[in-house]
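Tertiary structure, described
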Amino acid sequence: MKKWRLDFRIWHWIHAVVVLGLLGTVFLRKTFLSWRTNSELLTQKLAEIDVEVTSEQAKVLAKAIRAPMWEWHIILGYTLTALIVWRIILFFTESGKQNYLNNKEDTLHKKMVKWGYIMIYMVLVFMSVSGLTIHFHEFLGLSKAIAHDIKEIHELVFNAILIFVPLHIVGIVIAENRAERGIISAMVHGNRK
Ligand code: HEM
Ligand code: HEM
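Everything numeric here is computed off the predicted structure, so don't read it as measured data. (Residues numbered from 1 in each chain as written. Chains lettered and ligands numbered in written order. Predicted model: local features only at pLDDT ≥ 70, side-chain atom pairs only at ≥ 80, totals over all residues.)

1. Observations regarding the overall build of the chain
When helices and strands are counted, the chain shows 7 helices and 0 strands. Mapped from its N terminus to its C terminus, the chain presents α and β elements in the order α-α-α-α-α-α-α. Radius of gyration (C-alpha) of the chain: 21 Å, far over the 16 Å computed for a compact globule of 193 residues. For the C-alpha atoms alone, the extent of the chain along its principal axes is close to 70 × 40 × 30 Å. A burial count over the chain gives 7% of its 193 residues as buried. Across the chain, every contact between residues at least 6 apart in sequence was considered, and the portion connecting residues at least 24 apart equals 72%. (Helix = DSSP H or I, 4+ residues; strand = E, 2+ residues; numbered from the N terminus. Rg over C-alpha atoms; globule rule 2.2 N^0.38 Å. Buried ≥ 20, exposed ≤ 12 C-beta atoms within 10 Å, placed from the backbone. Contact = placed C-beta atoms within 7 Å.)

Next up, the structure:
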């Protein structure tokens, strides 16, 4: 069973919480705090108390309700960027590189899992760079139209994370129940005597 140094374990769990948090903010933006749904609700409820608002005004109100929640996307986004830098530093440790050393005994499945990790790291780097670019587009001298195009790609690539996370969790639970008993607890206690 693999050994994980304490700093790697702390990195993995903070990273897991941050990525799940980012997915959570997207979920809220697209459901309970969707400006489309809420602007209709606001228009309807305000009409019931004889307050007429235009669709544009209702949109402004709905977006204002969503804003404090969405700030968390940016806060968690900065945190993710810092975690990526931390992960790069961890590549220089035994724990950080053990999955990526050439191991001829690896089965095809193991090789695919490791390539999956490399792919998701590349996706996370893209999400971080594109997210920061959208957020700082004015400072970077980019037009709103370009920022919007980058957002469309940021949103498209987000699907890769949406697929990876459940696959990873289900895969790890299956491994825990089959050939790799203790794989989860190893990421908790590190497996060192
Ligand atoms: C919450 C449930 C989760 C559990 C139980 C879990 C468990 C694990 C375990 C046991 C490993 C080690 C696999 C091995 O032996 O190679 C691992 C690795 C990894 N996990 Fe998770 N994980 C969870 C969530 C996440 C989330 C949300 C992410 C976010 C993308 C994530 C990203 C990763 C990555 C990138 C690796 C590879 C580490 C390396 O570079 O060697 N995990 N996870
Ligand atoms: C796991 C990583 C991330 C995921 C899954 C993710 C997901 C998304 C999604 C799906 C959207 C589109 C929301 C919509 O229009 O309905 C979005 C927008 C955005 N994201 Fe991310 N994101 C991630 C990381 C980041 C990072 C690191 C930043 C940098 C601070 C960031 C900043 C933004 C910004 C500024 C927007 C545009 C919001 C707007 O148009 O008002 N994201 N993100």
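2. Considerations on the environment of Gly-131
Within the element layout of this structure, Gly-131 appears in helix α5 (residues 108–135). Beyond its immediate stretch of four places on either side in the chain, Gly-131 contacts Gly-77 and His-154.

3. Considerations on the packing of helix α2 (residues 35–48) against helix α3 (residues 55–90)
For the pair α2 and α3, the least separation of the axes is 8 Å and the interaxial angle reads 120°. In terms of orientation, α2 and α3 fall into the oblique class. α2 and α3 meet at a crossing whose hand is right-handed. Residues Trp-35, Asn-38, Ser-39, Leu-42 and Thr-43 of α2 form the contact with α3, whose participating residues are Ser-55, Ala-58, Lys-59, Leu-61, Ala-62, Lys-63, Ile-65 and Arg-66. Residue composition of the contact of α2 with α3, by class: 6 nonpolar, 4 polar and 3 charged. (Axes fitted to C-alpha atoms, helices over the stretch in contact; angles between N-to-C directions. Parallel < 35°, antiparallel > 145°, perpendicular 65-115°, else oblique. Left-handed = near helix turned anticlockwise from the far one by under 90°. Nonpolar A, V, L, I, M, F, W, Y, C, P; charged D, E, K, R; others polar.)

4. Let's talk about the UniProt feature "transmembrane region" (unreviewed entry) in the chain
Feature annotation in UniProt places "transmembrane region" (unreviewed entry) on residues 12–32, 72–93, 114–136 and 156–175, given in this structure's numbering. Secondary structure across residues 72–93 divides into 86% helix and 0% strand, with the first and last C-alpha atoms of the span separated by 31 Å. Taken end to end, residues 156–175 is 100% helix and 0% strand, and its two terminal C-alpha atoms sit 30 Å from one another. (UniProt positions renumbered as here; feature names shortened; annotations may be inferred.)

5. As for α5
When the terminal C-alpha atoms of α5 are compared, their 40 Å separation across 28 residues agrees well with the 40 Å that a helix rising 1.5 Å per residue should span. Along α5, the positions that sit buried rather than exposed are Leu-124, Met-127 and Gly-131. For α5, the elements touching its buried residues are α3 and α6 (144–177). (Expected span 1.5 Å × (residues − 1).)

6. Structural notes on the UniProt feature "domain: Cytochrome b561 bacterial/Ni-hydrogenase" (unreviewed entry) in the chain
According to UniProt, the "domain: Cytochrome b561 bacterial/Ni-hydrogenase" (unreviewed entry) feature falls on residues 4–190. In this annotation, residues 4–190 is assigned 79% helix and 0% strand; the end-to-end C-alpha distance for the span is 4 Å.

7. A few points about the site of ligand 2
Among the 23 residues in the neighbourhood of ligand 2, the closest are listed as Gly-77, Met-127, Gly-131, Ile-134 and Phe-158. Listed by contribution, the elements that provide at least two residues to the shell around ligand 2 are α1 (6–30), α3, α5 and α6. For the shell around ligand 2, the per-class residue count stands at 12 nonpolar, 7 polar and 4 charged. (Near = placed C-beta within 6 Å.)

8. Some details on the nonpolar core
Side chains of a nonpolar character, in soluble globular proteins, are inclined to be buried together. Listed in full, the 6 residues of the largest apolar core are Val-19, Leu-22, Leu-76, Leu-80, Leu-124 and Met-127. Contributing elements (two or more residues each) for this core: α1, α3 and α5. Excluding its chain neighbours within four sequence positions, the residues that come into contact with Leu-124 are Leu-80 and Ile-84. (Core = buried A, V, L, I, M, F, W, Y, C linked by C-beta atoms within 7 Å.)

9. Topic: the site of ligand 1
Close to ligand 1 lie 16 residues; Ala-16, Val-19, Asn-99, Tyr-117 and Met-187 are nearest. When contributions to the shell around ligand 1 are tallied by element, the ones reaching two or more residues are α1, α5, α6 and α7 (183–189). If you tally residues by element for the shell around ligand 1, the top one is α1, at 5 residues. Considering only residue class, the shell around ligand 1 consists of 11 nonpolar, 4 polar and 1 charged.

10. Looking at unusual backbone geometry
With phi around 60°, Asp-50 is a residue other than glycine that occupies positive phi space. With respect to the helices and strands, Asp-50 occurs in the loop between α2 and α3.

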